[in-house]
Amino acid sequence: MGLFNNIKKIFSKKKEIEEKEINLLEKKDEIQDEKEILNEDQKVDNVIKNNEDSKQEDINNLSNEDIIEEKEIIEKYDKGLEKSRKEFVSNLSLLGIKYKKVSEEYFDELEQTLIMADIGVNTVFKFMDELRSRVKKENITDTAYLNEVIVDELFIIYVNGESLSDKIAINDNGPTVILMVGVNGVGKTTTIAKLAHKYKSQGKKVMMIAGDTFRAGAVEQLKIWADRTNSIFYGKENSDPAGVIYDGLEQAIDQKADIVLIDTAGRLQNKVNLMNELEKVNKVIAKIIPGAPHETLLIIDASTGQNGILQAKAFKEITNITGLVLTKMDGTAKGGIVLAIKEEVGLPVKFIGLGEKMEDLEVFDIENYIYGLFKDLID
Ligand SMILES: Nc1nc2c(ncn2[C@@H]2O[C@H](COP(=O)(O)OP(=O)(O)OP(=O)(O)O)[C@@H](O)[C@H]2O)c(=O)[nH]1
Ligand SMILES: [Mg+2]
């Protein structure tokens, strides 16, 4: 039955992690309560001491950092996908109430719901074909049963076909150069700040280069983020971006930066201009650091839906995009765009932005995504 069992496994694994953490916290509270009661009785000092030692050991064993970290990530996905989940799950539930039995009308409305969730028309058509044939083959008549099959089929869309790497290509022989591109206001600069924060917390030396030299305030905006994240900064207003990037990269080598994040302007709407500009920038980068940029990340605002898909297609034609960052997932109910991008553009989503703060960026993980989107739908 497709990947049905995989879905079940993912959901039970995630639930287990959530429950483990709750147990951990409850146990800690219990221990704290016990300690407080014991503390009141001065005569049992020794008992307290022994008890504390053994309880501390308990806590140490329980404080499994991995569980807590995984839990935190699941929570971020949860929160960031809340809008999409609410809309999608409530629409599907309403559909289930309206139609108890599978019918043509049910399929039509389901198709509409999926398109509204920005899964992408072609992706939805393909999905509907699969779903219809599965319904027939497995003789499904109850819509209540279909929810799990729907999630299963959506998961298949993402994981099927070529597997796209979501890893960042790290350069072992010098700075890893990450070039950020994308149209106006999608979140390029903010994503640089978030990536800087992420790499800094891994102990890496991070540098930012302000390749957006035209928009008033763009250089200053990046500088503020560099200060906040304690990153090295290079930028010069009103200069040629390629020139700034050239000088910046020389400094990155001098200062032995591990990660170099390059901001670019999003205002070049003209395709030919943009292509020429990026070509020039790429040449300069490769001249200073052969093999660079190691990643060219296209930033897409998830709330722009199909427009975002068009941007991805256009950028893919003019430069070598190695991955996508989908920002503002927290502000949209159209989280289905992840599936459409995979299916219609064939580029891997490497990170997702789940809020405005520098902590609000997560490595994209399809399991956390599917769980965040559908957890209210499946027991
Ligand atoms: N809610 C939310 N807001 C975000 C996210 N990422 C970016 N933003 C907001 O989007 C707005 C634009 O972000 P910028 O980083 O300045 O976008 P940009 O692509 O650099 O814009 P230009 O330099 O003008 O092309 C800011 O207000 C950010 O706080 C996100 O993941 N969630
Ligand atoms: Mg910017």
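Structural data are supplied above this passage.
Quick look at the structure, then.

We now examine the overall build of the protein. Counting its regular elements, the protein contains 14 helices and eight strands. For the protein, buried positions account for 39% of its 379 residues. Residue pairs at least 24 apart in sequence account for 78% of intrachain contacts in the protein once pairs closer than 6 positions are excluded.

This brings us to helix α9 (residues 218-229). Along its twelve residues, α9 runs 17 Å from first to last C-alpha, staying within 8% of the 16 Å computed at 1.5 Å per residue. Of all the positions in α9, only Ala218, Val219, Leu222, Trp225, Ala226 and Thr229 are classed as buried. The buried residues of α9 occupy one face: seen down the axis, they fall within an arc of 125 degrees. Of the residues in α9, the exposed ones pointing more than 90 degrees away from the buried face are Glu220, Asp227 and Arg228.

Among the structural elements, Leu154 can be located in helix α7 (residues 143-159). On the basis of neighbour counts, which here come to 23 C-beta atoms within 10 Å, the residue Leu154 falls in the buried class. Placed 23 residues apart in sequence, Leu154 and Leu131 show a C-alpha to C-alpha distance of 9.8 Å. Here Leu154 is in contact with Phe127 and Leu339, once residues within four sequence places are set aside.

As a matter of local geometry, ligand 1 sits amid 21 residues, with Gly187, Thr189, Thr190, Gly266 and Gly353 nearest to it. Looking at the shell around ligand 1 element by element, the count peaks at three residues for helix α8 (residues 188-201). Grouping the constituent residues of the shell around ligand 1 by class yields three nonpolar, eleven polar and seven charged.

If you look at the biggest cluster of nonpolar residues, it comprises 88 residues, and the most contacted ones within it are Ile178, Met208, Val260, Leu261, Leu324, Leu326 and Ile341. Discounting residues that sit within four places of it in the chain, Ile178 has contacts with Leu195, Ile259, Val260, Leu261, Ile262, Pro293, His294, Glu295 and Leu297.

Before going further, it helps to spend a moment on the packing of helix α4 (residues 82-98) against α7. At their nearest, the axes of α4 and α7 sit 9 Å apart, and the two run at 150 degrees to each other. As far as their axial angle goes, α7 and α4 are roughly antiparallel. Between α4 and α7, the contacting residues are Leu92, Leu95 and Gly96 on the first element and Thr143, Ala144 and Asn147 on the second. Here the residues of the contact of α4 with α7 are counted per class, giving three nonpolar, three polar and no charged.

Interhelical geometry of helix α6 (residues 121-137) versus α7 gives an angle of 130 degrees and a closest axis separation of 10 Å. The orientation of α6 with respect to α7, classified from their angle, is oblique. As α6 packs across α7, the resulting crossing turns out to be right-handed. On the side of α6, the interface is formed by Thr123, Phe127, Glu130, Leu131 and Arg134, while α7 contributes Val149, Ile150, Glu153, Leu154 and Ile157.

Turning next to the sheet that holds strand β3 (residues 232-234). In any sheet, the strands associate via hydrogen bonds between backbone groups, in a parallel or an antiparallel arrangement. Strand order in the open sheet formed by eight strands is β3-β2-β4-β1-β5-β6-β7-β8, with mixed pairing between adjacent strands. Edge positions in the sheet fall to β3 and β8 (361-363), since each of these pairs with one other strand and no more. Neighbouring strand axes in the sheet, compared pairwise and without regard to direction, differ in orientation by 25 degrees on average. For strand β6 (residues 323-327) and strand β7 (residues 349-353), the ladder comprises three bridges, and the chain directions are parallel. Paired with Leu324 across the strands is Val349, a residue of β7. Of the strands in this sheet, β2 (206-210), β3 and β4 (259-263) are in contact with helix α10 (residues 241-254), which crosses β2 at around 165 degrees.

Thresholds, definitions, all that
- Residues numbered from 1 in each chain as written.
- Chains lettered and ligands numbered in written order.
- Predicted model: local features only at pLDDT ≥ 70, side-chain atom pairs only at ≥ 80, totals over all residues.
- Helix = DSSP H or I, 4+ residues; strand = E, 2+ residues; numbered from the N terminus.
- Buried ≥ 20, exposed ≤ 12 C-beta atoms within 10 Å, placed from the backbone.
- Contact = placed C-beta atoms within 7 Å.
- Expected span 1.5 Å × (residues − 1).
- Arc of directions from axis to C-beta.
- Near = placed C-beta within 6 Å.
- Nonpolar A, V, L, I, M, F, W, Y, C, P; charged D, E, K, R; others polar.
- Core = buried A, V, L, I, M, F, W, Y, C linked by C-beta atoms within 7 Å.
- Axes fitted to C-alpha atoms, helices over the stretch in contact; angles between N-to-C directions.
- Parallel < 35°, antiparallel > 145°, perpendicular 65-115°, else oblique.
- Left-handed = near helix turned anticlockwise from the far one by under 90°.
- Pairing = 2+ DSSP bridges.

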